[in-house]
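Observations on chain architecture
Given next are the chains, with one letter for each unit.
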Amino acid sequence: MKTKTVPAARASEMESSVDLGFLEPCEEWLLANKFFRSKVGGKPAWLELKNLPAAKDLLCGVCGEPCVFLCQVYAPLEEKESCFHRMVYLFVCAKASCYEHNQSKNILAFRSQLPRSNDFYGFDPSDETKKSDPIPSPVPLCAVCGCRGSQQCSRCKKVNYCGVIHQRIDWKNGHKTSCGSEECPPSGNSPILFPQFEIVTEPEEIDAEPKLSAAEVERKQMEEYERLVSEGKTGELSELPESELDNYSGQIEDKHFDKFKKRIEADPDQILRYDRKGDPLWLSPVVPESIPACDQCGGSRKFEFQIMPQLLNSLKNENIDWGTLAVYTCEQSCDPADCGYAREFVYKQDVVNTEPQAPPPEIGHE
C-alpha cells in the first residue's frame, strides 16, 4: 500500500469530539445480540442473523486459516433509518508469522445494520434486568469460533464447524469423548477465543497541560520505549544493531509519537477511540496515501474508530501485535447488497516500520 507523510497537529489544535472505550467485566448473557453492546472477545454477537459472512470471507489473507473474532463496536446512525442498529466487527489472525509491519492482510472488518423494525429483534429494547437467552441464529454456527458453520461432524451430525481446522481443534478439546452420545454436549470453552469484556464509552476530556522540558520529554520517551521492549511490542526493534537504533531515536522523538503519548496520558487504559469522519491518532507520520472505496456502492470510506495498543494487554496472546488499528467504513453507510455484512477497510500502523510496503489485498464478496 502506498503511504504518505503528514505533519503533526499542534496541541492547541486539539478540540476533542472523540468517545473513548474502556474494558469492563460483564455477565456473558448481557453481551448477547439482543442487547446491542460493544464487546471484546468471546464469540461474535451477530446483528443480522440470516446472511452471515461465508467461512471463506473470514480467512487470513496471509496464511489462509480462519481469523478469530476480536471485537465489535455498536455504532448506530440517527440520521439513517436503516442504521438504527449498526455494528462493526473486527477479526484477526492469531498466528505471529502473519503480522507484517504496517500491513493488515490478516485483519478483517465487517459492517452490519438494521432498521428499528426488522425480522430479528423487537421494536422496544430487551429487558436487561432478567437473565435471558440470545436470539437464536437460523444459520448453523461453528462450535469453536461462532461464525457460519456450514459443515457438520460426519459422525454425530450434531455439531457444526466453519471448516476442518476448527473441527480438529474441537475434537481435541472434548468432542472426541462426547461425539456419538445421545445429548452430545458442547465441548466447553473454545481455546482460540480471546477473553470477553464489555466496551463502555465516555467522551474524551483534554486538560490543558504545561509543556514539558526537552529533558523531561526525552526521559518519558525512553521510559515508553523500555516498556515496549519489556512487553515485546516493538516488532523487530530489540533485534536491531545500535547503528539502526540511532535511526529509531529520530522516530521516537517524532512529533506524532509525542502527540500520541500526550493525548492518551490522561486515559491510559483506553482501548478504543471513536470519532466517525474524524481523524485517527497516529503513532507516526507514515499513513495510507489513499483509502479504498466502498466495494458495495463505490463511494468513499471515512475513518470511524481505532483500536489502541492497550487492548493487547488484556488479550493474553503474545502472537498478535499492532501499534493501532484504524477502521474506515463507507461514508454513506450503504445498505449491504444481497448480504447482511459489508466488508470494510482496516489499516494497521506499527510502532516501528522496517519493511517495504506491499499493495493491499483485494476485498470482496461471493
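Below is a short write-up of the structure. This is a predicted model, so every value here is computed, not measured.

1. Focus on the overall build of the protein
Looking only at helices and strands, one finds five helices and 14 strands in the protein. Taking all 366 residues of the protein together, 46% fall into the buried category. Of the accessible surface of the protein, which amounts to about 18400 Å², a share of 48% is contributed by carbon and sulfur atoms.

2. A closer look at the environment of phenylalanine 110
Structurally, phenylalanine 110 can be placed in strand 6 (residues 107-114). Residue phenylalanine 110 is classed as buried on the basis of its relative accessible area of 2%. Taking the C-alpha atoms as reference points, phenylalanine 110 and tyrosine 341, 231 residues apart in sequence, are found 5.8 Å from one another. Once residues lying within four places of it in the same chain are set aside, the contact partners of phenylalanine 110 are Pro53, Asp57, Leu58, Met87, Val88, Tyr89, Phe91, Tyr341, Ala342 and Arg343.

3. Here's the deal with the environment of asparagine 160
Summarising the element assignment, asparagine 160 is placed in strand 8 (residues 160-161). Classification of asparagine 160 as buried rests on a relative accessible area of 15%. For the pair asparagine 160 and leucine 141, spaced 19 residues apart in sequence, the C-alpha separation works out to 6.2 Å. Residues contacting asparagine 160, with those up to four places away along its chain left out, are Pro140, Leu141, Cys142, Ala143, Gly149, Ser150, Gln151 and Gln152. Here the side chain of asparagine 160 touches glycine 149 through a polar contact of 2.9 Å, landing on its backbone oxygen.

4. A word on unusual backbone geometry
Of note, phenylalanine 36 is a non-glycine position whose phi angle comes to about 55 degrees, a positive value. Following the sequence through the fold, phenylalanine 36 ends up in the loop between strand 2 (19-24) and strand 3 (39-40). Looking at phenylalanine 36, the relative accessible area reads 14%, which means it is buried. Phi at asparagine 102 is positive, roughly 55 degrees, even though this residue is not glycine. Counting through the fold element by element, asparagine 102 comes out in the loop between strand 5 (85-92) and strand 6.

5. Brief notes about helix 1 (residues 164-178)
For helix 1, spanning 15 residues, the distance from its first C-alpha to its last is only 18 Å, which falls clearly below the expected 21 Å at 1.5 Å a residue. The largest bend in helix 1 comes to about 70 degrees, at lysine 172. Of all the positions in helix 1, only His166, Asp170, His175 and Ser178 are classed as buried.

6. Concerning the nonpolar core
In terms of nonpolar packing, the biggest core is built from 60 residues, with Leu70, Leu90, Phe91, Phe305, Ile307, Leu315 and Trp322 touching the most fellow members. Looking at this core, the elements that each hand over two or more residues are strand 4 (68-74), strand 5, strand 6, strand 10 (272-274), strand 12 (301-307), helix 5 (312-315) and strand 13 (324-330). Among the elements that make up this core, the one with the highest residue count is strand 5 (six residues). Membership of the second largest hydrophobic core comes to seven residues, among which are Trp282, Val287, Phe303 and Phe345.

7. Digging into helix 4 (residues 255-264)
Burial analysis of helix 4 places seven of its 10 residues in the buried class, which makes it a mostly covered element. Turning to helix 4, its buried residues are His256, Phe257, Asp258, Phe260, Lys261, Arg263 and Ile264.

8. Brief notes about the pattern of salt bridges
Tallied over the entire structure, the rule returns 16 salt bridges. For glutamate 304, the salt bridge is made with arginine 86, and the minimal N-O distance between the two is 2.7 Å. Taken as a pair, glutamate 304 in strand 12 and arginine 86 in strand 5 lie far apart in primary sequence, 218 residues in all. Judged by its relative accessible area of 0%, glutamate 304 is buried. Classification of arginine 86 as buried rests on a relative accessible area of 0%.

9. Side note on the pairing of strand 9 (residues 197-203)
Bridging between strand 2 and strand 9 involves six bridges; their strand directions are antiparallel. Directly across from leucine 20, in strand 9, lies its bridge partner glutamate 202. Sheet analysis places strand 3 next to strand 9, joined by two bridges and oriented antiparallel. Paired with valine 40 across the bridge in strand 9 is phenylalanine 197.

10. A short note on the packing of aromatic side chains
Evaluation of the coordinates by the stated rule reveals 14 aromatic pairs. A centroid spacing of 5.7 Å and a plane angle of 75 degrees characterise the contact between tryptophan 29 and phenylalanine 35, whose relative ring orientation is edge-to-face. Judged on exposure class, the residue tryptophan 29 and its partner phenylalanine 35 are both buried. Seen in terms of ring centroids, phenylalanine 91 and phenylalanine 110 are 6.3 Å apart; in terms of plane orientation they differ by 80 degrees. Their pairing is edge-to-face. Here phenylalanine 91 is found in strand 5, whereas its partner phenylalanine 110 is found in strand 6, with 19 residues between them in sequence. Residue class for phenylalanine 91 comes out buried when judged on its relative accessible area of 0%. Among the aromatic residues, those joined into a cluster by ring pairs are Trp46, Phe69, Tyr89, Phe91, Phe110 and Tyr341. Its end group placed over the ring of phenylalanine 123, arginine 116 keeps NZ or CZ at 3.8 Å from the ring centre.

11. Digging into the side chain of glutamine 310
Mapping glutamine 310 onto the fold places it in the loop between strand 12 and helix 5. Residue glutamine 310 is classed as buried on the basis of its relative accessible area, which comes to 14%. Reaching out from glutamine 310, the side chain makes a polar contact with the backbone oxygen of proline 268 at a distance of 3.3 Å. Residues within four places of glutamine 310 in sequence aside, it is in contact with Ile264, Pro268, Gln270 and Ile271.

Conventions adopted
Residues numbered from 1 in each chain as written. Predicted model: local features only at pLDDT ≥ 70, side-chain atom pairs only at ≥ 80, totals over all residues. Heavy atoms only, no water. Helix = DSSP H or I, 4+ residues; strand = E, 2+ residues; numbered from the N terminus. Buried < 20%, exposed > 50% of the residue type's maximum accessible area, 1.4 Å probe, protein only. Areas by Shrake-Rupley, 256 points an atom, 1.4 Å probe, with all protein chains shown as cover. Contact = heavy atoms within 4.5 Å. Polar contact = N/O pair within 3.5 Å; in protein donor to acceptor, adjacent residues only side chain to side chain. Expected span 1.5 Å × (residues − 1). Bend = angle between axes of the 7 residues up to and from the residue. Core = buried A, V, L, I, M, F, W, Y, C linked by side-chain atoms within 4.5 Å. Salt bridge = Lys/Arg side-chain N within 4 Å of Asp/Glu carboxyl O. Pairing = 2+ DSSP bridges. Phe/Tyr/Trp six-rings, centres within 6.5 Å; stacked < 30°, edge-to-face > 60°. Lys NZ or Arg CZ within 6 Å of the ring centre and 35° of its normal.

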